[in-house]
Amino acid sequence: MLKRKSHKIDSSIGNAYSFLSLAIIVCVCLFIILTTIYFGRQAISLHFLSTEPNPSALDAASGGILTPMIGTILLTLIGIMIAVPFALATAIYLRFYSKKGIFLSLVKSAVNILSGIPTVVVALFALVIFTQPMFAFLSAKIEGVEGSNMAYGKSFLVAGVTMAIMILPFVIKSMEEVLKTVPESYIHGSLALGATKWQTISKVVLPSARSGIATGIILGMGRIVGDTAIVWLTLGGTLRMTGNQPWYLPGNFWSTLVNTGSTLTTYIYYTSPAGEGNSLEVAFGAAIVLIAIIILLNLAATFIAGIGELKHE
């Protein structure tokens, strides 16, 4: 009897602790969202969302967040398009082709170490590498300095490559775990019918895991959207696009990619008192849009994961 009572007490304490932890997390999340909405709601308008930023000490004359929003989307697409092929290939190798040994241990250690490196260190690494003359095609060349052939090292392409490096270990682990969820019976059945290993992977495994792969991609996009250090150091702090104008013309697209710009995170830093500005309401308005994008990405990931579970059932 005493043991049963002790187990019931332990169970009650465990349930209470779990509920309290959940409540604290939800409350903190809601507090951040509601505080952001409270301070930034007045800044949200069609004009705010559809006009370019205008550096000004006055909130009313500071313009909108059109180019930072476009910059966020553009940088996210570049980063995820570079990261996904390498991440998927690595995940396939780790799941189906790797053999126990020193090389496998080195690969897994490299992935784990890379995932733990601070983003500002990754950004500093990118600045050292992409300012070298051989990478000048990714950004503008430094002009006006006699005898220098160094590259500027800041552009959407440079920031996109750096973002891909940053999210690579996260996406690799996500995809590797997804590939492990494909039932072994599917794989053995395909091989028993005479299919090669690669045919089994491409025709059976990947289609079965596509919802989980898509979820990993979307979560990786969320990591890119929310980063600041890499954007600030490898994209620059210019609020507007600095390539050939108008930046949105097809003929100026490459110029836009190899020049600097901004995202919502750098815009928030630039306009907030915590950074270089004093436009609190404008910064919170941009933060609302940023949070909305992150929430939509997470909802999309949840929805895709739910579709995958229904198909397995």
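Our subject is the structure that appears above.
Attention here is on the structure that accompanies the text. None of these values were measured; they are calculated from a predicted model.

Taken as a whole, this structure holds six aromatic pairs when the rule is applied. Seen from their ring centres, Phe130 and Phe135 are 5.3 Å apart, and the 70° between their planes marks the pair as edge-to-face. Given a relative accessible area of 6%, Phe130 falls into the buried group. An aromatic cluster of at least three residues, connected via ring pairs, comprises Tyr38, Phe39 and Phe284. Cation over ring: Arg95 sits above Phe96, and NZ or CZ is 4.8 Å from the ring centre.

Attention now goes to helix 9 (residues 210-225). Compared with an ideal rise of 1.5 Å per residue, which puts 16 residues at 22 Å, helix 9 spans 22 Å between its outermost C-alpha atoms and is within 8% of the ideal. Those residues of helix 9 lying buried are Ser211, Gly212, Ile213, Thr215, Gly216, Ile218, Gly220, Met221, Gly222, Ile224 and Val225.

The biggest cluster of nonpolar side chains holds 65 residues, and the ones touching the most others in it are Ile65, Phe156 and Leu179. In terms of residue count, helix 6 (residues 156-180) provides more of this core than any other element does, 13 residues in total.

Here we take up the packing of helix 3 (residues 66-97) against helix 6. In contact at an axis separation of 6 Å, helix 3 and helix 6 are set at 40° when each is read in the N-to-C sense. With respect to their mutual orientation, helix 3 and helix 6 come out oblique. Our pair here, helix 3 against helix 6, has a crossing hand that is right-handed. In terms of residue class, the contact of helix 3 with helix 6 is made up of 26 nonpolar, four polar and three charged.

All right, on to the pattern of salt bridges then. Per the counting criterion, the structure on display carries four salt bridges. The residue Arg240 makes a salt bridge to Glu52 at a minimum N-O spacing of 3.6 Å. Here Arg240 is found in the loop between helix 10 (229-234) and helix 11 (253-257), whereas its partner Glu52 is found in the loop between helix 2 (46-50) and helix 3, with 188 residues between them in sequence. Notably, a salt bridge pairs Lys180 with Glu176, separated by 3.8 Å at the nearest N-O pair. Residue Lys180 and its partner Glu176 are located together in helix 6, separated by four residues, close to a single helical turn. Taken together, the salt bridges that share partners define one network made up of Glu176, Glu177 and Lys180.

Our next topic: unusual backbone geometry. That bond from Gln245 to Pro246 is cis: its omega, -5°, falls within 30 degrees of zero. When you line up the elements, Pro246 lands in the loop between helix 10 and helix 11.

Before going further, it helps to examine the side chain of Thr200. On the secondary structure map, Thr200 appears in helix 8 (residues 197-208). In this structure Thr200 touches Ile187, Ser190, Leu191, Ala195 and Val205, once residues within four positions along its chain are discounted.

Interhelical geometry of helix 3 versus helix 9 gives an angle of 135° and a closest axis separation of 9 Å. Considering the angle they form, helix 3 stands oblique to helix 9. Here helix 3 runs over helix 9; the crossing is right-handed. Where helix 3 approaches helix 9, its residues Thr72, Leu75, Thr76, Gly79, Ile80, Val84 and Leu88 are matched on the opposing element by Ile213, Ile217, Gly220, Met221, Ile224 and Val225. Looking at the contact of helix 3 with helix 9 residue by residue, the class counts come to nine nonpolar, four polar and no charged.

Rules used in this analysis
Sequence order as written defines residue numbering, which begins from 1 separately in each chain. Local features are withheld for residues below a pLDDT of 70 in this predicted model, meaning they are given only at 70 or higher, and side-chain atom pairs are given and counted only at 80 or more; totals for whole chains, interfaces and linings count all residues. Processing note: side-chain calculations cover all non-hydrogen atoms of the structure and skip hydrogens and water entirely. For this analysis, a ring pair means two rings from Phe, Tyr or Trp (six-membered ring only for Trp) whose centres lie within 6.5 Å, classed as stacked if their planes differ by under 30 degrees, edge-to-face if by over 60, and tilted for the remaining angles. Partly exposed describes any residue whose relative accessible area lies between the buried limit of under 20% and the exposed limit of over 50%, with all areas from a 1.4 Å probe on protein chains only and scaled to the type maximum. In this scheme, the term charge over a ring applies when either NZ of a lysine or CZ of an arginine sits within 6 Å of the ring centre and within 35 degrees of the ring normal. Numbering of helices and strands runs from the N terminus; a helix is a DSSP stretch of H or I covering at least four residues, while a strand is a stretch of E covering at least two. One less than the number of residues in a helix, times 1.5 Å, gives the span that helix is expected to have. Residues belong to one nonpolar core when they are buried, are Ala, Val, Leu, Ile, Met, Phe, Trp, Tyr or Cys, and are joined through side-chain atoms within 4.5 Å. Where helices are involved, their axes are fitted lines through C-alpha atoms of the stretch in contact, as for all axes, and angles between N-to-C directions lie from 0 to 180°. Angular relationships are summarised with four words: roughly parallel below 35 degrees, roughly antiparallel beyond 145, roughly perpendicular across 65 to 115, and oblique for the angles in between. Each crossing gets its hand from how the near helix is turned against the far one by less than a right angle, where anticlockwise is left-handed and clockwise is right-handed. Gly is placed with the polar residues, together with every amino acid not listed as nonpolar (Ala, Val, Leu, Ile, Met, Phe, Trp, Tyr, Cys and Pro) or charged (Asp, Glu, Lys and Arg). When a carboxyl oxygen of Asp or Glu lies within 4 Å of a side-chain nitrogen of Lys or Arg, that pair is called a salt bridge. Pairs of residues are marked as contacts when any of their non-hydrogen atoms sit within 4.5 Å.

Read these as geometric descriptors, not functional statements.
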